[in-house]
Amino acid sequence: MAKILIVEDDEEIALLEHDYLEIGGYEVEVKNDGTNVADMIINGDYDLLILDLMLPGESGYDICKKIRDKVDIPILMVTAKTETIDKIRGLGLGADDYIAKPFDPAELLARVQAHLKQYDRLTKNRGWYGDGAESGNDVSGSYGNGITRNDINRSAAGRYTDNKNPSDSNKKADEIDIGNLRIMLRGWKVYKNGEEIKFPNKEFELLKFLATNPNIVFSKEALFEKIWGYDYAGDSATVMVHINRIREKIENDPRNPQIIETVWGAGYRLNL
């Protein structure tokens, strides 16, 4: 049974979240302020964190900043602040998703289920290559820009089979090298100049998907649907912020990205 921590200072909202998630089959704990939450998460065995941003004791922003590089569990922001800048700030500090108050409890449950399903898949099956052509799964979807499953299959196949020669014989098929960057698909690790870079699950899955389907432009809507696993809600902040976080880690000059390129009016492309 997945274990969820709710950090919410509004007791009525916290009770609503608790009851709905408990009925949904989860073990749920509630804390009404931000004091010591970071330590609880780092030292605990929680599978998902539902985090209000405006908390007494310590804000959700500060908690997220403290824990993001230490744990890889999904973090779902619940906030009454609807301005885009607040959402971007929370996502930029490492939250995986956000839901604005007031919300339908059924939507919260659906978001939690989607994140836990992905988290379980990622943590228990890190030996697979991904949901793209390599795994044989359907990646058709609405990728935009006229992209088809065959386009992705050809791209991924070319990445692993083209230009082979004896000097490549020791090259592992689960590694992708891009300049000074190495992505370990099975190991779920990323190295830059030989040093490991910490990637939360959502960032790694997004980078992995782009890297295993290089030189193809994906719209923000397509990436959101692919990585987050539910219908795109019309706000591009989630994808945009995650792309920016990835660039901060892998690009030599994040302001002039060479690896993950923005194709204006279309989406993003990883150049390989």
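Residues numbered from 1 in each chain as written. Predicted model: local features only at pLDDT ≥ 70, side-chain atom pairs only at ≥ 80, totals over all residues. Heavy atoms only, no water.

Visitor: Tell me about the overall build of the chain, and name the residues and values.
Guide: The secondary structure content of the chain amounts to nine helices and 11 strands. Of all 272 residues assigned to the chain, the portion counted as buried reaches 49%. Put simply, 60% of the contacts in the chain that link residues at least 6 apart link residues at least 24 apart. When the accessible area of the chain is evaluated, it comes to approximately 12800 Å², of which 47% is carbon and sulfur surface. (Helix = DSSP H or I, 4+ residues; strand = E, 2+ residues; numbered from the N terminus. Buried < 20%, exposed > 50% of the residue type's maximum accessible area, 1.4 Å probe, protein only. Contact = heavy atoms within 4.5 Å. Areas by Shrake-Rupley, 256 points an atom, 1.4 Å probe, with all protein chains shown as cover.)

Visitor: Give a detailed account of the packing of aromatic side chains, specifying residues and quantitative values.
Guide: All chains considered together, the criterion is met by two aromatic pairs. With 4.4 Å between their ring centres and 35° between their planes, Trp188 and Phe204 make a pair best called tilted. Here Trp188 is found in the loop between β7 (181-184) and β8 (189-192), whereas its partner Phe204 is found in helix α7 (residues 201-212), with 16 residues between them in sequence. Residues Trp188 and Phe204 agree in their burial class; the two are buried. (Phe/Tyr/Trp six-rings, centres within 6.5 Å; stacked < 30°, edge-to-face > 60°.)

Visitor: I'd like a description of the nonpolar core, backed by residues and values.
Guide: In this structure, Ile183, Leu207 and Ile260 are the most contacted members of the largest nonpolar core, which totals 29 residues. Sorting the residues of this core by element identifies β6 (175-178), β7, α7, α8 (220-228), α9 (237-250) and β11 (267-270) as the ones contributing at least two each. Counting residues per element, this core draws most heavily on α7, which supplies six residues. Apart from the residues lying within four places of it in its own chain, the contact partners of Ile183 are Asp174, Glu175, Ile176, Ile178, Lys189, Val190, Phe204, Leu207 and Ala211. Residues Leu51, Ile73, Ile75 and Val241 belong to the second largest nonpolar core, which totals 24 residues. (Core = buried A, V, L, I, M, F, W, Y, C linked by side-chain atoms within 4.5 Å.)

Visitor: I'd like to hear about the side chain of Glu175, residue by residue, with values.
Guide: Relative to the helices and strands, Glu175 resides in strand β6. Given the relative accessible area of 8%, Glu175 is considered buried. A distance of 3.4 Å separates the side chain of Glu175 from the side chain of Arg182, its partner in a polar contact. (Polar contact = N/O pair within 3.5 Å; in protein donor to acceptor, adjacent residues only side chain to side chain.)

Visitor: Explain the confidence of the model for the chain to me, using residue names and the numbers behind them.
Guide: Chain-level pLDDT for the chain is 79 on average; 75% of the residues reach the 70-or-more range. The low-confidence segment residues 127-170 (pLDDT under 50) makes 75 contacts with residues lying over four places distant or belonging to another chain. (pLDDT = per-residue confidence, 0-100.)

Visitor: Before we move on, can you summarise the environment of Leu210 with the specific residues and values?
Guide: You can see Leu210 is positioned in helix α7. Between the C-alpha atom of Leu210 and that of Leu223, which follows or precedes it by 13 residues, the distance is 9.1 Å. For Leu210, the contacting residues outside a window of four places in its chain are Phe218, Leu223, Ile243, Ile260 and Leu270.

Visitor: Please set out the environment of Leu91 residue by residue, giving values where relevant.
Guide: Tracing the backbone through its elements, the reader meets Leu91 in helix α4 (residues 84-92). Look at Leu91 and you get buried, because its relative accessible area is 0%. Taking C-alpha positions, Leu91 is 9.4 Å from Val239, a pair spaced 148 residues apart along the chain. Ignoring any residue separated from it by four or fewer positions in sequence, one finds Leu91 in contact with Met77, Asp96, Asp97, Tyr98, Ala237, Thr238, Val241, His242 and Arg245.

Visitor: Lay out the sheet that holds β7 in plain terms, naming residues and giving numbers.
Guide: Strands belonging to one sheet form pairs held by backbone hydrogen bonds; the direction of such a pair is parallel or antiparallel. Spatial strand order, β6-β7-β8-β9: four strands in an open sheet with antiparallel pairing. Whereas interior strands pair on both sides, the edge strands pair on one side only; in this sheet they are β6 and β9 (195-197). Pairwise comparison of adjacent strand axes, ignoring direction, gives a mean angle of 25° for this sheet. Bridging between β8 and β9 involves three bridges; their strand directions are antiparallel. If you follow Val190 over to β9, its bridge partner there is Ile197. In the packing of α7 onto the sheet, contacts are made with β6, β7 and β8, and the angle to β7 comes to roughly 105°. (Pairing = 2+ DSSP bridges. Axes fitted to C-alpha atoms, helices over the stretch in contact; angles between N-to-C directions.)

Visitor: Let's hear about the sheet that holds strand β5 (residues 97-100): which residues, and what values?
Guide: Read across the open sheet, the five strands follow the order β2-β1-β3-β4-β5; overall the sheet is parallel. The open sheet has two edge strands with one neighbour each: β2 (27-31) and β5. In this sheet, neighbouring strand axes are inclined to one another by 20° on average, regardless of whether the strands run parallel or antiparallel. Relative to β5, strand β4 (residues 75-79) runs parallel, the two sharing four bridges. Bridge pairing in β5 links Val78 to Ile99.

Visitor: An account of unusual backbone geometry is requested, with residue identities and associated values reported.
Guide: Following Lys101, the chain continues into Pro102 via a peptide bond in cis, with omega recorded as -10°. Counting through the fold element by element, Pro102 comes out in the loop between β5 and α5 (105-124). Not every positive phi belongs to a glycine, and Trp188 is a case in point at roughly 60°. Using a relative accessible area of 8% as the deciding quantity, one classes Trp188 as buried. Here Asn215, not a glycine, exhibits a phi torsion of approximately 65°, which is positive. Turning to its location among the elements, Asn215 is positioned in the loop between α7 and α8.

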